[in-house]
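Tertiary structure, described
Listed below are the residues making up each chain.
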Amino acid sequence: MTNQQQHRSNHLSFGNACIMLGGILGYFIGTMNLRIGIGVRNEDTKTRSSQSHDRAYIDHPLGSPPEEGQSNAIWEASSLNRDSNNKGNNNLRTIAGTGTSDQRRLSGLVDPRSVESRLEQPLEREVHIGTMCRCPGKALPIPGEWSWDIRFHTDVVQPASIATGPMHKHFIVHPPIKGNDGCTCDQNNKMAELSLDTSMINLQRMCPDRDDQQYDWRTMPDFGVEERLPLFVGVLSYKSPLSLNATLHDWHHHRFLERANAQDVFVQLNRMSEQDKQIIQTHNDILRDDASWRGPTFTPLGSDQDNLHPGLAIGKFCRAAENHPNSHPNGENLMLWLEKDWHMHDDCNGPKCKLAQLEEMFYSINGLMQRGVHYVRLTSPRPMTKPGDIVNNERTWKCPSQGFPWLCTTSHQHHWTNLPAVIDCKWFLRYLEPYALFNDPIMYGCRPGQARNKYCDWEHAMQDGRVAWTNSNWVVAHFAPPRMKLFDHHEVDS
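Predicted model only: the values in this text are computed from it and were never measured. (Residues numbered from 1 in each chain as written. Predicted model: local features only at pLDDT ≥ 70, side-chain atom pairs only at ≥ 80, totals over all residues. Heavy atoms only, no water.)

1. Here we look at the packing of helix 3 (residues 241-253) against helix 5 (residues 274-289)
Our working rule: Each axis is a line fitted through C-alpha atoms, taken for helices only over the stretch in contact, and angles between the N-to-C directions span 0 to 180 degrees. Strands here mean DSSP runs of E at least two residues long; helices mean DSSP runs of H or I at least four residues long; both are numbered from the N terminus. An angle below 35 degrees is read as roughly parallel, one above 145 as roughly antiparallel, one from 65 to 115 as roughly perpendicular, and any other as oblique. Every residue pair with non-hydrogen atoms within 4.5 Å of one another is taken to be in contact. Amino acids outside the nonpolar list (Ala, Val, Leu, Ile, Met, Phe, Trp, Tyr, Cys, Pro) and the charged list (Asp, Glu, Lys, Arg) are all regarded as polar, and Gly is one of them.
Between helix 3 and helix 5, whose axes approach to 10 Å, the crossing angle comes to 10°. The angle between helix 3 and helix 5 falls in the class roughly parallel. When helix 3 is examined against helix 5, the residues Pro 241, Leu 242, Leu 244, Asn 245, Leu 248, His 249 and His 252 are found in contact with a partner set consisting of Gln 275, Asp 276, Ile 279, Ile 280, His 283, Ile 286 and Leu 287. Each residue belonging to the contact of helix 3 with helix 5 can be placed in one class, and the counts come to eight nonpolar, five polar and one charged.

What follows is the structure, given as structure tokens:
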């Protein structure tokens, strides 16, 4: 062996020894951390179990409370101490303390925000959910009303992650009101549809009940749908102060923003004028002077130089929502987007009027958009379609939510319009905003004025294939028949 080979051999042996030593140290450190974590968690469980018998229990359809010493989920009669207007806000807290249900130590769950934050107590937020409502055969499931005075600690604490957000999610179930089993199966409803899944035709519990179970099959937690995602409103206006003024008056008259539980109203004023500013100020003063008003005021955005097309405006609205105090912690905000000249349809003398069902409609949208729908048009398509119809190559199917009727289709079958719609902000920012930010001249279209002003006709770009809409299969929902209206178009400025 040469001197050079001998030197290389000694170098490799030293490196291998370092690797082995590092592995051994890592094993012992990891084992020690694991034991510490398990020990703290076990101690915490014992503490919580020993205190469980001090809670007040209420008779409910989910069965008897656990025996002393059990650490499973329990019903707890407690006042939520939350203002009814802010039911959608999530309670944030630090996981620390003695191990009670309100202050709990959850070692081993890592907060991913930063290395520094991992040294602090990670945050937990309460996620309020209801119970599942599903029906066998051809019947429409209609969930019952929640009982807000009783909450069920599921003991499900989902660890923080990049996908679910930087806070642990503690799921709390609210049972149906007393005397209601939480689910009505309406067999005569026109939206009822027989599933092609043979297991769903005879939907029933297939396993026998166990003595130690804390849940009833009929009222399983509905982990997929949070109590209420924050709804914001985004209004786009371009040199139309009279139309904007008339619309804001109309919304106040109908208590629209209050009834929709809107958290804020962002008004993008393209080419903002002093008259625009004065109109916003006047309406904010009116709302503040209205002692009965429980809705939001108006937040003006824009400048005398701005001329944002709808795609850029929606992105701006969604980002403003993320920075709002009432934003969803993970950015799961809903945006009602519309232009400045849409009044409430007030011909409400029959069942076709959506204004009379406003609260019910937005409650159903909350569930609909947490079950795979990203874009909800608040209009009926033309011509009006029935489930299964193929009109203008558009295929539709029934997609009721919380007992409210909707029809669904895909973006491949249904073009985008600038008509009023509710949009999933996380979805829009992830998939569509990059096209709005794409500043190539191809996005300006063919009209001389738009090319000269470098303005993108967003609706046209969505329809002619410059934006990946028609070659996607995003799920789109709209009103089901009979033809119904929520808004009327009223342009005042000439």
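2. Describing helix 3
Put simply, the rule is: Here, expected helix span is obtained from the residue count minus one, scaled by 1.5 Å. Partly exposed residues are those whose accessible area sits between 20% and 50% of the maximum for their type, while under 20% is buried and over 50% is exposed, using a 1.4 Å probe and protein chains only.
In a regular helix each residue adds 1.5 Å, so 13 residues correspond to 18 Å; helix 3 covers 18 Å between its end C-alpha atoms and thus fits that length. Here helix 3 has its buried residues at Pro 241, Ser 243, Leu 244, Thr 247, Leu 248, Asp 250 and Trp 251. Positive backbone phi, at 55°, marks Arg 255, one or two positions downstream of helix 3.

3. A word on the state of the cysteines
Defined as follows: Note on disulfides: each one is a pair of cysteine sulfur atoms within 2.5 Å.
The full count for this structure, using the stated rule, is four disulfides. Through a disulfide, Cys 135 is tied to Cys 185; the S-S separation comes to 2.1 Å. Classification of the bridge connecting Cys 135 and Cys 185 rests on its S-S torsion, roughly -95°, and on that basis the disulfide is left-handed. Remark: Cys 185 occurs in strand 7 (residues 183-186) and Cys 135 occurs in the loop between strand 3 (123-129) and strand 4 (140-143); sequence separation between them is 50 residues. Paired through a disulfide, Cys 318 and Cys 425 show a sulfur-sulfur distance of 2.1 Å. Between Cys 318 and Cys 425 the sulfur-sulfur dihedral comes to about -80°; the bridge is accordingly left-handed. Residue Cys 318 is found in helix 6 (residues 310-322), and its partner Cys 425 is found in helix 8 (residues 425-431); the two are separated by 107 residues along the sequence.

4. A word on the packing of aromatic side chains
Note the cut-off: In this analysis, rings of Phe, Tyr and Trp, with Trp reduced to its six-membered ring, are considered paired at centre separations within 6.5 Å, and the interplanar angle assigns stacked below 30 degrees, edge-to-face beyond 60, and tilted for intermediate values.
For the coordinates displayed, the defined rule picks out 14 aromatic pairs. Taking 5.8 Å as the distance between ring centres and 15° as the angle between the ring planes, the aromatic pair formed by Phe 232 and Phe 266 counts as stacked. Taken as a pair, Phe 232 in strand 8 (residues 231-238) and Phe 266 in strand 9 (residues 262-270) lie far apart in primary sequence, 34 residues in all. With a centroid separation of 5.3 Å and an interplanar angle of 45°, the aromatic rings of Phe 404 and Trp 406 are classed as tilted. Owing to a relative accessible area of 0%, Phe 404 belongs among the buried residues under this scheme. What makes Trp 406 buried here is its relative accessible area of 0%.

5. Section: the confidence of the model for the protein
Close inspection of predicted coordinates is inappropriate for parts of the model with low pLDDT. Using the following cut-off: Per residue, pLDDT captures the predictor's confidence, and it can take any value from 0 to 100.
Of all residues in the protein, 67% have pLDDT values of 70 or greater, and the mean over the chain is 75. When pLDDT is averaged over each helix and strand of the protein, the minimum, 32, is found for strand 1 (residues 74-77) and the maximum, 97, for strand 18 (residues 421-424). Low pLDDT (under 50) marks residues 27-115, which in the prediction has 160 contacts with non-local residues, meaning those over four places away or in another chain.

6. Here we look at unusual backbone geometry
The phi angle of most residues is negative, glycine excepted, and most peptide bonds adopt the trans form. Despite not being glycine, Asn 261 has its phi angle at roughly 60°, a positive value. Within the secondary structure, Asn 261 sits in the loop between helix 4 (256-259) and strand 9. Although it is not a glycine, Gln 402 adopts a positive phi angle of roughly 55°. Of note, Gln 402 is situated in the loop between strand 16 (397-398) and strand 17 (406-410).

7. Comments concerning helix 7 (residues 358-368)
A large share of helix 7 lies buried, amounting to eight of its eleven residues. Considered for burial, the residues of helix 7 that qualify are Leu 358, Met 361, Phe 362, Ser 364, Ile 365, Asn 366, Gly 367 and Leu 368.

8. Focus: the pattern of salt bridges
Just so we agree on the cut-off: What makes a salt bridge here is a side-chain nitrogen of Lys or Arg within 4 Å of a carboxyl oxygen of Asp or Glu, nothing more.
Tallying each qualifying case throughout the model produces 13 salt bridges. Taking the shortest distance from any N to any O, the salt bridge between Arg 319 and Glu 433 comes out at 2.6 Å. Of this pair, Arg 319 sits in helix 6 while Glu 433 sits in helix 9 (residues 433-437), and the two are 114 residues apart along the sequence. The class for Glu 433 is buried, based on a relative accessible area of 7%. With a closest N to O distance of 3.2 Å, Lys 340 and Asp 341 form a salt bridge. Exposure remark for Lys 340: the relative accessible area of 11% places this residue in the buried category. Shared partners join several salt bridges into a network, and the residues in it are Arg 255, Glu 258 and Asp 290.

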